[in-house]
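Secondary and tertiary structure notes
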Amino acid sequence: MSDTILSIKDLSIQYVSREIGTCRAVNNVSLDIQKGENLGLVGETGAGKTTIALGILRLTPKPQGRVTSGTVEFWGEDLYKKSEAEMRKIRGEKISMIFQDPMTALNPIDPVGDQISEMIWLHEKITKKEAAAKAANMLEMVGIPAARYKEYPHQFSGGMKQRVVIAMALACSPELLIADEPTTALDVTIQAQVLDMMNGLKKELGTSLLLITHDLGVVAEMCDKVAIIYAGEIVEVGTTRHIFKDTRHPYTKGLFGSLPDMNSHSKRLKPIHGLMPDPANLPQGCKFAPRCEFCTERCTKQEQELTAVSPDGHLVRCWRAVEEEGGV
Amino acid sequence: MWRYIAKRLLSMIPVLIGVSFIIFTLLYFTPGDPASMVLGEQASEEAKNEWREEYGLNDSFWTQYFRYIKDIVTKGDFGDSYRNGRSVTSSLIDRFPTTFLLAVCTCVVAMLVGVVLGIVAANHQNSWIDAIARVFGMIGISMPMFWFALLLIMFFAVKLQWFPVSGFYGPRYVVLPAIALGLTHAASLMRITRSSVLDCIRQDYVRTARAKGQTEGVITRHHILRNALIPIVTAAGTSFGIALGGAMIMEQIFAIPGLGRLMVDGINQRDYPIVRGAVMLLALSFSLVNLAVDMLYAYIDPRIKAQYQGASRKKQKTEAEEVQA
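Report follows, based on the coordinates.

Topic: the overall build of chain B
- Each helix and strand in chain B was counted, giving 14 helices and 0 strands.
- Taken from N to C terminus, the helices and strands of chain B fall in the order α-α-α-α-α-α-α-α-α-α-α-α-α-α.
- In terms of overall dimensions, chain B has C-alpha extents of about 85 × 80 × 30 Å along its principal axes.
- Across the 325 residues in chain B, those meeting the buried criterion constitute 44%.
- Within chain B, counting contacts between residues at least 6 apart in sequence, those at least 24 apart form 71% of the total.
- Element-wise, carbon and sulfur atoms account for 65% of the exposed surface of chain B, whose accessible area totals about 17,000 Å².

Some details on the packing of aromatic side chains
- Taken as a whole and judged by the stated rule, the model has 26 aromatic pairs over all chains.
- Measuring from centroid to centroid gives 5.1 Å for Tyr230(A) and Phe288(A), while their planes differ by 85 degrees, and the two rings are edge-to-face. On the criterion of sequence distance, the pair formed by Tyr230(A) in strand E9 (residues 225-230) and Phe288(A) in the loop between helix H10 (250-257) and helix H11 (297-301) is long-range, its members being 58 residues apart.
- Each residue in the set Phe21(B), Phe24(B), Tyr28(B), Phe29(B), Phe61(B), Trp62(B), Tyr65(B), Phe66(B) and Tyr68(B) is aromatic and connected to the rest through ring pairs, giving one cluster.
- Taking NZ or CZ as reference, Arg58(A) lies 5.8 Å from the ring centre of Tyr80(A), over its face.

As for the state of the cysteines
- If you walk through the whole model with that rule in mind, you get 0 disulfides over all chains.
- Unpaired in this structure, Cys23(A) has its nearest cysteine sulfur neighbour in Cys286(A), at a distance of 19 Å.

Description of unusual backbone geometry
All names here are of chain A.
- The phi dihedral of Asp-10 falls on the positive side, at around 60 degrees, and the residue is not glycine.
- Take Asp-10: it is sitting in strand E1 (residues 4-17).
- Take Asp-10: its relative accessible area is 36%, and that puts it in the partly exposed class.

What about the nonpolar core?
- In terms of nonpolar packing, the biggest core is built from 95 residues, with Leu6(A), Ile56(A), Ile95(A), Ile116(A), Ile178(A) and Met198(A) touching the most fellow members.
- Excluding residues that lie within four positions of it along the chain, Leu6(A) makes contacts with Leu31(A), Asp32(A), Ile33(A), Ile56(A), Val72(A), Glu73(A), Phe74(A) and Leu176(A).

With respect to the environment of Ala231(A)
All names here are of chain A.
- Within the element layout of this structure, Ala-231 appears in the loop between E9 and strand E10 (233-239).
- The buried category is assigned to Ala-231, whose relative accessible area is 6%.
- With 216 residues separating them in the primary sequence, Ala-231 and Tyr-15 have C-alpha atoms 14 Å apart.

Here we look at the sheet that holds strand E6 (residues 95-98) of chain A
All names here are of chain A.
- Across the sheet, which stays open at both edges, the 8 strands sit in the order E6-E7-E8-E3-E9-E10-E12-E11 with mixed pairing between neighbours. Lying at the two open borders of the sheet, with one neighbouring strand each, are E6 and strand E11 (307-310). Strand-to-strand twist in this sheet, taken as the mean axis angle between neighbours without regard to direction, amounts to 20 degrees.
- Note that E9 and E10 share 6 bridges and pair antiparallel. When the sheet's bridge partners are listed, Lys-225 is paired in E10 with Thr-239.
- Against the sheet, helix H1 (residues 49-56) contacts strand E3 (38-42), E6, strand E7 (176-180), strand E8 (208-213) and E9, and its axis sits at roughly 150 degrees relative to E8.

Examining the side chain of Gln162(A)
Residue and element names in this part refer to chain A.
- Assignment of secondary structure puts Gln-162 in helix H6 (residues 158-170).
- Separated by 2.7 Å, the side chain of Gln-162 and the backbone oxygen of Pro-182 make a polar contact.
- The residues touching Gln-162, leaving out its near neighbours within four places in the chain, are Ile-98, Phe-99, Gln-100, Pro-102, Glu-181, Pro-182 and Leu-186.

Some details on the interface of chain B and chain A
- Listed per partner, the contact involves 20 residues of chain B and 24 residues of chain A.
- Between chain B and chain A the total buried area reaches about 2,100 Å² when both faces are included, carbon and sulfur atoms providing 58% of it.
- The interface formed by chain B and chain A holds 1 salt bridge in total.
- Counting the contacts that link chain B with chain A gives 12 residue pairs in polar contact (both at pLDDT 80 or more).
- Mapped by element, the contributors of at least two residues to the side of chain B that touches chain A are helix H9 (204-211), helix H10 (216-244) and helix H14 (302-324) of chain B.
- In terms of residue count, H9(B) provides more of the side of chain B that touches chain A than any other element does, 6 residues in total.
- Among the residues forming the side of chain B that touches chain A, the class breakdown is 5 nonpolar, 7 polar and 8 charged.

Considerations on a nonpolar patch on the surface
All names here are of chain B.
- Nonpolar side chains collect at one region of the surface, where Phe-146, Trp-147, Leu-150, Leu-151, Met-154, Phe-155, Leu-160, Trp-162, Met-248 and Ile-249 lie side by side and expose about 970 Å² of accessible area between them.
- When residues of the nonpolar patch are traced back to their parent elements, those giving at least two are helix H7 (145-159) and helix H11 (248-253).
- Counting residues per element, the nonpolar patch draws most heavily on H7, at 6 residues.
- Structurally, Met-248 can be placed in helix H11.

Some words on the pairing of E7(A)
Residues and elements named next belong to chain A.
- Where burial is concerned, most of E7 is hidden: 5 out of the 5 residues are buried.
- Side chains Leu-176, Ile-178 and Asp-180 project from E7 onto one buried face, and the interleaved Leu-177 and Ala-179 project onto a second face that is buried too.
- Pairing of E6 with E7 involves 4 bridges; the strand directions are parallel. Bridge pairing links Ile-98 to Ala-179 in E7.
- Strand direction decides the pairing type here: E7 and E8, joined by 5 bridges, are parallel. Along E8, the bridge assignment pairs Ala-179 with Leu-211.
- The parallel pair E7 and E8 is bridged by helix H7 (residues 188-205), and the resulting crossover is right-handed.

Rules and cut-offs
Residues numbered from 1 in each chain as written. Chains lettered and ligands numbered in written order. Predicted model: local features only at pLDDT ≥ 70, side-chain atom pairs only at ≥ 80, totals over all residues. Heavy atoms only, no water. Helix = DSSP H or I, 4+ residues; strand = E, 2+ residues; numbered from the N terminus. Buried < 20%, exposed > 50% of the residue type's maximum accessible area, 1.4 Å probe, protein only. Contact = heavy atoms within 4.5 Å. Areas by Shrake-Rupley, 256 points an atom, 1.4 Å probe, with all protein chains shown as cover. Phe/Tyr/Trp six-rings, centres within 6.5 Å; stacked < 30°, edge-to-face > 60°. Lys NZ or Arg CZ within 6 Å of the ring centre and 35° of its normal. Disulfide = S-S within 2.5 Å. Core = buried A, V, L, I, M, F, W, Y, C linked by side-chain atoms within 4.5 Å. Pairing = 2+ DSSP bridges. Axes fitted to C-alpha atoms, helices over the stretch in contact; angles between N-to-C directions. Polar contact = N/O pair within 3.5 Å; in protein donor to acceptor, adjacent residues only side chain to side chain. Buried area = accessible area lost by both parts, 1.4 Å probe. Salt bridge = Lys/Arg side-chain N within 4 Å of Asp/Glu carboxyl O. Nonpolar A, V, L, I, M, F, W, Y, C, P; charged D, E, K, R; others polar. Patch = residues over 30% accessible without salt bridge, like charges linked within 9 Å, V, L, I, M, F, W, Y side chains within 5 Å. Right-handed = clockwise from strand over helix to strand, strands pointing away.

No statement about biological role is implied by the geometric values presented.
Here it is as structure tokens:
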């Protein structure tokens, strides 16, 4: 497994506040990303996707956010054992992140070019001038004329801002790119452009990608592997083929049921009923049980572990799915 | 940008005219007789009347007001003091540097203590440092300024004898009044800084900066503070404007010959030209400070700068169209 660039083991993150008590945002999540691989992390709003991403970079909001268990290993080294100074060298240079909302992710008072060159200058031993030249190149690479280097975020459209954010994240050719819903804030036309661009750049730079999204279409286009996350837990993980063609977990099935399908004649979508449980008050047993149509008594009492349902790494956290497998 | 400044300067004219009218009216209707203040209560009614006639106080309200404005506009003359016949302009010019110095020192103290404490408190929200800062803020705002000044005098001037008790003959005389005034301003500045910085700390771009691997120092100084600066600059500007008007109480306590005392003496002695002049100067400096604050906004925030430029650019465009037509 020497190709494993990032290995998250048993990661749990809680938010503690006096008003709402303890929010269990991420519960015992384990994930591996291989070099050059694209892993999709799919789940509803509030499932804990962004918290996982921030947990990798050790940027969970302080003092509310607390990592209560688990390790995050980057090339086999535990990031949580590193000093703050060592962490700063990793952030941006080795692991960089594209943030969800381009409208707020850029500092409104700095020219966009400077925001990119700040990153380059921090990590590479070059003069500010050279960093600026490189930042201008990055802008060109994402399709923004270098002449706009000195312009401010408010002079750009949302799509262009997102491209600036992407240019920033890729400026130091990171080994791992975490993209937190890079296309959610964008129009569909721009979405395709941005995804294309990210794919192109990825190939050029050989970067691994952790793509956080709730858009299964984007996952199908971009990812090699997919992890479905629900209420802070991974409920199903496997190759994109496993997830799309051999869906096992009722929640994953529900996600697909919520998508309009051009080929079928059914007029109604099949949304998943109910809401995700409150992370401050998670149910005992399977977290999805209250919304699951196959829920049995055992589901409400005890939770299934992530269990392999095929020899090539398709894991599911569901009694029924695992039993079906055993029965066949 | 220059167009914007010019526009703002022009718009001060109606403000100043308004202020002059209000202060003139107020003083006109204020009870008390300048003639008896100057000549003494025992002076004969005839002498008083003659004096009033000489200073034009027997004319109608409008005549007096327009004469006042006319003298200012045509001769730059704010009148002469009833008391000693000195021109108001030269009295103001005498007093202004003292008040200006005190105002600058006050602001420096207020900014140093208030802004630094506010940032530290915000960075350690809900810690003991924050608690101390908040208590300081509450005390600073609710404690009477004159009382605090008297405590300072008692301790540092009388007991320790580090600084002189009162008067104004050199830099050492500025220290205590500047601290007394500065700390009261610092308290409110601290509260504004704290909340403004707290707002910015949670912004996404701060997280972006961290994700870039930027150091905490630069994040606080550049990414957080520069974004938090607008309310701070506003508050500091107001503080400076108030201090420029002459801290009447402070100048009284420390016997500082500044604008504040000039004004208080003027009011006591019904020396109307002095009071009017001082108020006009105050209004002018307040307007100028406000303009400076607005200019600082543009320097801090490119979005505001774009607005200023956009406004004048739009105007240029319409003017160009008019020329074409």
